[in-house]
Amino acid sequence: MSKQKMTILDFQKYKDEGRKFAYCTAYDYTTASIVNESEIEIILVGDSLGMVMLGYDSTVGVTMEDMIHHIRPVVKGAPNTFIVGDMPFGSYQESPEQAIRNACRLLAETNCDCVKLEGGANMAPTIKRMTDVGIPVMGHIGLTPQSATNLGGFKMQGGTPEGAKKLIQDALALEAAGVFSIVLECVPNCVGKAISEAVHVPVLGIGAGPDVACQVLITQDMLDMYGDFKPKFVKQFAHIRREMVAGLNQFHAETLSGAFPSPEFCYNKEVEIPPLE
Ligand code: KIV
């Protein structure tokens, strides 16, 4: 039996009931359809696709066109999974009008279920304008990859009393602006717990410890597909890269030895071929 698609209202319901849920990424039809077959409730088509799919050094170069191109096949491949479309760098920072226009474009052109954007109290006025016109917005604070350069790189955030307080204030500002959930990335466990207790909406933690409603991981990280880079908070639940390389090498070896293709992989019909004129 296929799973029931989660709704926006379920986010709050699950938190209130103390029911945990899980959230991963997908950027293409095949991966989305695999996640759809799993029990995972939410897929993020993150701008991390810039690094994971396109080989960039950061997420900053990802465009609206890139996002739309990747969100569409994910929506198609995962009809029973809640799909989050990430807003890329430069698509919402200029003005609330720009943010509303691009969020509407992502929703209308891909049919994803909500948008996500990075930023705390600084983005709250924009998010308020978006939620006021009915756009479902997921927030994202802590390590925000689009501004990683300003944060001194891909580093833990909220590691000082002032830093932790600022993150709590950011979370409260986002909640007041109307987000229905908040991604919290790369913070000490106690900060994850404090933020989860400070806000009513669910906190979706990626490297934020166990005391949050939902755990988020990038699929290619948790299945060990991406390569050698592995943040501390990533547990690898499978080793797909190793499996793929082994499979590809087996194909190569059997091609060279002639073991492939054996008769069961061939069209063995005899055809009398007339002489060529
Ligand atoms: O783009 C992304 O994959 C993200 C996650 C790190 C939460 O924003």
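The structure under discussion appears in the preceding block.
Cut-offs applied
- Residues numbered from 1 in each chain as written.
- Predicted model: local features only at pLDDT ≥ 70, side-chain atom pairs only at ≥ 80, totals over all residues.
- Heavy atoms only, no water.
- Helix = DSSP H or I, 4+ residues; strand = E, 2+ residues; numbered from the N terminus.
- Buried < 20%, exposed > 50% of the residue type's maximum accessible area, 1.4 Å probe, protein only.
- Contact = heavy atoms within 4.5 Å.
- Areas by Shrake-Rupley, 256 points an atom, 1.4 Å probe, with all protein chains shown as cover.
- Lys, Arg positive; Asp, Glu negative; His and termini not counted.
- Charge placed at Lys NZ, Arg CZ, Asp CG, Glu CD.
- Arc of directions from axis to C-beta.
- Salt bridge = Lys/Arg side-chain N within 4 Å of Asp/Glu carboxyl O.
- Patch = residues over 30% accessible without salt bridge, like charges linked within 9 Å, V, L, I, M, F, W, Y side chains within 5 Å.
- Phe/Tyr/Trp six-rings, centres within 6.5 Å; stacked < 30°, edge-to-face > 60°.
- Core = buried A, V, L, I, M, F, W, Y, C linked by side-chain atoms within 4.5 Å.
- Pairing = 2+ DSSP bridges.
- Right-handed = clockwise from strand over helix to strand, strands pointing away.

**A look at the overall build of the protein**
Then, number 1: Helices and strands together make up the secondary structure of the protein, namely 10 helices and 8 strands.
Then, number 2: Overall size of the protein, expressed as C-alpha extent along the three principal axes, is 80 × 40 × 35 Å.
Then, number 3: Put simply, the protein has 277 residues, and 48% of those count as buried.
Then, number 4: Sequence separation of at least 24 residues holds for 59% of the intrachain contacts in the protein that already meet a minimum separation of 6.
Then, number 5: If you sum the accessible surface of the protein, you get close to 14600 Å²; carbon and sulfur atoms cover 58% of it.
Then, number 6: Taken as two groups, the 23 positive and 33 negative side-chain charges of the protein have centres that lie 7 Å from each other.

**Observations concerning helix α2 (residues 29-37)**
Then, number 1: Of the positions making up α2, those classed as buried are Thr31, Ala32, Val35 and Asn36. End-on, the buried residues of α2 take up no more than an arc of 140°, which puts them together on one face. Turned more than 90 degrees off the buried face of α2, the exposed positions are Ile34 and Glu37.
Then, number 2: In this fold, the buried residues of α2 make contact with β1 (21-25), β2 (42-45), α4 (64-77) and α9 (219-222).

**Quick word on the pattern of salt bridges**
Then, number 1: Under the criterion given, the structure shown has 10 salt bridges.
Then, number 2: We note a salt bridge from aspartate 113 to lysine 5, for which the minimum N-O separation is 2.9 Å. Here aspartate 113, found in the loop between α5 (96-110) and β4 (114-116), pairs with lysine 5, found in the segment before α1 (8-17); they are 108 residues apart in sequence, far enough to count as distant.
Then, number 3: Between lysine 128 and aspartate 132 there is a salt bridge, and its shortest N-O distance comes to 2.9 Å. With lysine 128 and aspartate 132 both in helix α6 (residues 124-132), this residue pair falls 4 residues apart, about one helical turn.
Then, number 4: With a relative accessible area of 36%, lysine 128 lands in the partly exposed category.
Then, number 5: By relative accessible area, aspartate 132 is classed as exposed at 53%.

**Regarding a nonpolar patch on the surface**
Then, number 1: Nonpolar side chains collect at one region of the surface, where Met53, Leu54 and Tyr56 lie side by side and expose about 240 Å² of accessible area between them.
Then, number 2: By the element assignment, methionine 53 lies in the loop between α3 (49-52) and α4.
Then, number 3: Taking relative accessible area as the criterion, methionine 53 reaches 35% and is therefore assigned partly exposed.

**Details of the packing of aromatic side chains**
Then, number 1: For the structure on display, the rule yields 7 aromatic pairs.
Then, number 2: Taken together, a centroid distance of 4.9 Å and an interplanar angle of 85° make the contact between phenylalanine 11 and phenylalanine 180 edge-to-face. One end of the pair, phenylalanine 11, is in helix α1; the other, phenylalanine 180, is in the loop between α7 (161-177) and β6 (181-185), and 169 residues separate them in sequence. Across this residue pair, the class does not change: phenylalanine 11 and phenylalanine 180 are buried.

**A short note on the nonpolar core**
Then, number 1: Formed by 56 residues in total, the largest nonpolar core has its most connected members in Val115 and Met130.
Then, number 2: In this view, methionine 130 contacts Met87, Ala99, Ile100, Ala103, Val115, Leu117, Ile135 and Val137; residues no more than four positions away in its chain are not counted.
Then, number 3: Of all hydrophobic cores here, the second largest spans 18 residues; its members include Phe82, Met138, Val183 and Leu204.

**Observations concerning the pairing of β2**
Within a regular strand, the side chains alternate between the two sheet faces.
Then, number 1: Along β2, one buried face is formed by Ile42 and Leu44 and the opposite face, lined by Ile43 and Val45, is buried too.
Then, number 2: Summarising the sheet, β1 and β2 pair through 3 bridges and their orientation is parallel. Within the sheet, the bridge partner assigned to tyrosine 23 lies in β2 and is isoleucine 42.
Then, number 3: Taken together, β1, α2 and β2 constitute a β-α-β crossover, and its handedness is right-handed.
Then, number 4: Of the pairings in the sheet, the one linking β2 to strand β3 (residues 82-86) comprises 4 bridges and is parallel in character. In the strand pairing of β3, valine 45 is matched with glycine 85.

**As for the pairing of β3**
Then, number 1: The element β3 is largely enclosed, with a buried count of 5 among its 5 residues.
Then, number 2: Relative to β4, β3 runs parallel, the two sharing 3 bridges. Following the sheet pairing, valine 84 is matched in β4 by cysteine 114.
Then, number 3: With α5 bridging β3 and the parallel β4, this β-α-β connection has right-handed handedness.

Any link to function would need more than the numbers given here.
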